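Listed below, chain by chain, are the residues.
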Amino acid sequence: MTPSGPSSNPPPSKRIAEELRAGIKAGRLAAGEKLPSERTLAERYGTARNTAREAIRLLAEEGLVTVRHGSGVFVREPQRLLRFGSDRYSRRNRETGLTPFRLEAQRQGKEARIEVVGIAREFPPRDIAQRLAVPVDEESVLHRENHYFADDEPVQIVSTYLRWDEAHDTALTQPNTGKDGIYGRLEELGHMMTRVRDEITARMPTPEEAAVLDLPSGVPVIEVLHTSLDQEAEPFEVSRYVHRADRSGLLYELPVE
């Protein structure tokens, strides 16, 4: 029986997108390669330019191509920057002198850059207040916001929250927190990280996140809400990591009890 319904006869834009997608996934269209122009695609498939433009839009929403205005449309690099969840805070890695992000980038042949874009005393978001056990209706946290880049491409937004009554009048209020970063300063305050709790979700970005991460339309983000626990099993730091889903991945290797 011949299948019927919309799926058996997709619109021309979807047919063009399907062929280009197949070429990308099979490697016939390599990463960095420029796609034919809208005019060329329209002539090749016997459609209007608007139809070819719609096909490109579908591929861009999937994160398969990048539209560079004035230059053309290019196949995106499939390589992702992996976050090594199981040992990224280990003392062995700390002894390298690199922060977790810089070490992850180095291991994957990328150049890391971090911009400190804000340090302020603030009212905490409710989920942060719950995890740090601080009042939500007081300026009870120090909020540090950083933007992370790999090879000059934005890949993460990191919002770190610390208890204000511990962090004020310390290097934690400064852009450069010194050797071993914030965790070195927190150890000096008596907090030795012994466990972490990562809560991982996927969602669509806010307009502000999409702008900072330069996200193509339709690309989601991965959110990691990270809580550090000390030797008393008390939470002492919470960070919200917002990753580009098309440029990031999570790798966890954990013992099975």
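Everything below is about the structure printed above this text.
Since we're looking at a predicted model, the values are computed, not measured.

Draft legend 1. Quick look at helix H8 (residues 181-188). When you tally the buried positions in H8, you get six out of eight residues, the bulk of the element. Within H8, the full set of buried residues consists of Gly181, Ile182, Tyr183, Gly184, Arg185 and Leu186. For H8, the elements touching its buried residues are helix H4 (91-94), strand S5 (141-150), strand S6 (153-163), strand S8 (221-229) and strand S9 (235-244). Just beyond H8, the residue with positive phi is glycine 190, at close to 105°.

Draft legend 2. Spotlight on the pairing of strand S2 (residues 72-75). The pairing of strand S1 (residues 65-68) with S2 spans four bridges and is classified as antiparallel. Paired with valine 65 across the strands is valine 75, a residue of S2. Counted along the chain from S1 to the antiparallel partner S2, the turn is three residues long, and its residue glycine 70 has a positive phi close to 90°.

Draft legend 3. Focus on the packing of aromatic side chains. Applying the stated criterion across every chain, the model contains one aromatic pair. The lysine or arginine in question, arginine 107, covers the ring of phenylalanine 84, its NZ or CZ lying 5.7 Å from the ring centre.

Draft legend 4. Here's a closer look at the side chain of aspartate 246. Inspection of the secondary structure assignment puts aspartate 246 in the loop between S9 and strand S10 (248-251). For aspartate 246, the side chain forms a polar contact with the side chain of arginine 76, separated by 2.9 Å. A polar side-chain atom of aspartate 246 sits 2.8 Å from a polar atom in the side chain of arginine 244.

Draft legend 5. Broad picture of the sheet that holds strand S7 (residues 195-203). A sheet is described by the order of its strands in space; here six strands give the open sequence S4-S5-S6-S9-S8-S7, paired in antiparallel fashion. This sheet does not close on itself; its edge strands, each paired only once, are strand S4 (112-122) and S7. Averaged over all pairs of adjacent strands, the angle between their axes in this sheet comes to 15°, without regard to strand direction. Pairing of S4 with S5, which is carried by ten bridges, proceeds in the antiparallel orientation. Paired with alanine 120 across the bridge in S5 is histidine 143. Helix H5 (residues 100-107) contacts S4, S5 and S6 of the sheet and is inclined by roughly 165° relative to S4. Across the sheet, H8 lies against S5, S6, S8 and S9, angled at about 170° from S9, the strand it touches most.

Draft legend 6. Just the pattern of salt bridges, in detail. Within this structure, the stated rule accounts for 21 salt bridges. The salt bridge partner of glutamate 54 is arginine 57, with a shortest N-O separation of 2.5 Å. Remark: arginine 57 and glutamate 54 occur in helix H3 (residues 49-61); sequence separation between them is three residues, near one turn of the helix. Judged by its relative accessible area of 27%, glutamate 54 is partly exposed.

Draft legend 7. The arrangement of unusual backbone geometry in detail. Backbone geometry at alanine 133 places phi at a positive 55°, although glycine is not the residue there. One can find alanine 133 in the loop between helix H6 (126-132) and S5. The class for alanine 133 is exposed, based on a relative accessible area of 65%. Notably, aspartate 151 is not glycine yet its phi reads approximately 55°, a positive angle. Tracing the backbone shows aspartate 151 in the loop between S5 and S6.

Thresholds applied
Residues numbered from 1 in each chain as written. Predicted model: local features only at pLDDT ≥ 70, side-chain atom pairs only at ≥ 80, totals over all residues. Heavy atoms only, no water. Buried < 20%, exposed > 50% of the residue type's maximum accessible area, 1.4 Å probe, protein only. Helix = DSSP H or I, 4+ residues; strand = E, 2+ residues; numbered from the N terminus. Contact = heavy atoms within 4.5 Å. Pairing = 2+ DSSP bridges. Phe/Tyr/Trp six-rings, centres within 6.5 Å; stacked < 30°, edge-to-face > 60°. Lys NZ or Arg CZ within 6 Å of the ring centre and 35° of its normal. Polar contact = N/O pair within 3.5 Å; in protein donor to acceptor, adjacent residues only side chain to side chain. Axes fitted to C-alpha atoms, helices over the stretch in contact; angles between N-to-C directions. Salt bridge = Lys/Arg side-chain N within 4 Å of Asp/Glu carboxyl O.

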